[in-house]
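# Per-entry structural report
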Amino acid sequence: MSHMFVPGPVDVAPEVLAAQTRPMLPHRSKEFEELFRRNEERAKQVFFTKNRLFQGACSGSGMQEAGIRNFVQESVLSCVNGAFAQRWNDVAISNGKQADKLEVDFGEAITPDMLRDALKKKHYEAVTIIHNETSTGVQNPVEELCQVLHETSPDTLILVDAVSSLAGVKIDMDALGIDFLLTSSQKCLALPPGLALAAASDRAMKKAESVTNRGWYFDLLLMDKHRIKDSTPMTPAMSLIYALDVQLDRILEEGLENRFNRHTAMSNKVQDWCSAHGMQPLAKADYRSHTVVTVKNELKWDISALNKFLMTRGMRIANGYGKLKDLTFRVATMGETSLSDVDMLLNGFGDFMKQ
Ligand SMILES: *Cc1c(COP(=O)(O)O)cnc(C)c1O
């Protein structure tokens, strides 16, 4: 049973799965430290950063929590345009922070003007932004949003969740001036779940020094102390670190530009097919995700029947998320998915319609 077109966990290449069966090493050994460092160096290329990069034994939500606990003492602005953005707001509130919301309807993007207005009303220590909102298939205009922040509130830290886009879409962390950029292993990186990667700027780490109650497990200053010695305060997720080693080689071998172009071509193909068959993407044209298409279910397809049909061919898609269930469905084209896989899926859609 393949997961192929669901937004994580996505299919993992057999050689990456196999890497997890390598024998364990003591994590305080030279061999492990070298591997850990090589992973960091190569992962930084995927993040387009020279900043420090953490390899955490948690899913992406853990890094959302780390961002809040380390970089926010009191006030944060959560940009909320979908379920994962709402989660980051929940994380902030449950950690005792004053988290105001800049909220738009599901399916809309956060625009630079909205952000500029919100920043006029109040000063924030940090802003949280989801790059690619997986529940709605909306890609926020992060470049423009960063620009607004640099212009109107230059000391506000910019925290960006790119869980469902990093390694599928170019996000130039250093050029955009992002302070904290996080992702999970099980989406565009096409690894098994359980590992999260995040990079942090110098000024964010400086800020963390003044933040109290950072906790222990997600204390990035503590992690950084060990990171410079190519290690972690706690036992790392070793098998996943092995898998990351192999997968980073595969990603860099494909070439980042090729990988990004492949994702754009796949999502365009899905969007075009659905539009041509009378079902529009939920997101407006300028804000469509390159890794997951959320389609308005205008033909009133029975999504569980559709999946039953697709699964006879080893494929499946995802229903809409939360309140968008059955009103939309989602086709994720993350990780190692190819254009010919997409053709196979769209043929499947066509055959389902003929039934
Ligand atoms: C999947 C997802 C998350 C949650 O990540 P986990 O690894 O499941 O904790 C957060 N943000 C976005 C945008 C996601 O797509």
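Only a predicted model underlies this, so the values are computations on that prediction, with no experimental measurement involved.

Residues in close proximity to the ligand total 15 residues, the closest being Ser-59, Ser-61, Thr-134, Ser-184 and Lys-187. With respect to the ligand, the side chain of Ser-59 contributes an N or O atom lying 2.5 Å from an oxygen atom. Contact distances for the ligand include 2.6 Å between an oxygen atom and a side-chain N or O atom of Ser-61. Burial of the ligand by the surrounding chains reaches 92%, relative to a free accessible area of 380 Å². Every element with two or more residues in the shell around the ligand is listed here: helix H3 (60-71) and helix H4 (83-94). Of the residues forming the shell around the ligand, the biggest block, three residues, is contributed by H3. The residue inventory of the shell around the ligand, partitioned by class, reads three nonpolar, nine polar and three charged.

Turning to the side chain of Lys-97, a few remarks are in order. When you line up the elements, Lys-97 lands in the loop between H4 and strand S3 (98-103). Glu-125 is the oppositely charged side chain nearest to the buried, salt-bridge-free Lys-97, at an N-O distance of 7.2 Å. Apart from the residues within four sequence positions on either side, Lys-97 is in contact with Ile-68, Val-72, Gln-73, Glu-74, Val-76 and Ala-92.

This next bit is on the nonpolar core. Counting 61 residues, the largest nonpolar core has Leu-115, Ile-129, Ile-178 and Leu-181 as the members making the most contacts within it. Element by element, the count of residues in this core is highest for helix H10 (residues 238-254), at nine residues. Residues lining this core come from more than one domain, with at least three contributed by each of domain 1 (3-8 + 255-354) and domain 2 (14-252). Excluding residues that lie within four positions of it along the chain, Leu-115 makes contacts with Leu-77, Cys-79, Leu-102, Val-127, Leu-145, Val-148 and Leu-149.

How each quantity is defined
Residues numbered from 1 in each chain as written. Predicted model: local features only at pLDDT ≥ 70, side-chain atom pairs only at ≥ 80, totals over all residues. Heavy atoms only, no water. Near = heavy atom within 4 Å. Polar contact = N/O pair within 3.5 Å; in protein donor to acceptor, adjacent residues only side chain to side chain. Areas by Shrake-Rupley, 256 points an atom, 1.4 Å probe, with all protein chains shown as cover. Helix = DSSP H or I, 4+ residues; strand = E, 2+ residues; numbered from the N terminus. Nonpolar A, V, L, I, M, F, W, Y, C, P; charged D, E, K, R; others polar. Buried < 20%, exposed > 50% of the residue type's maximum accessible area, 1.4 Å probe, protein only. Lys, Arg positive; Asp, Glu negative; His and termini not counted. Salt bridge = Lys/Arg side-chain N within 4 Å of Asp/Glu carboxyl O. Contact = heavy atoms within 4.5 Å. Core = buried A, V, L, I, M, F, W, Y, C linked by side-chain atoms within 4.5 Å. Domains from an automatic or database assignment.

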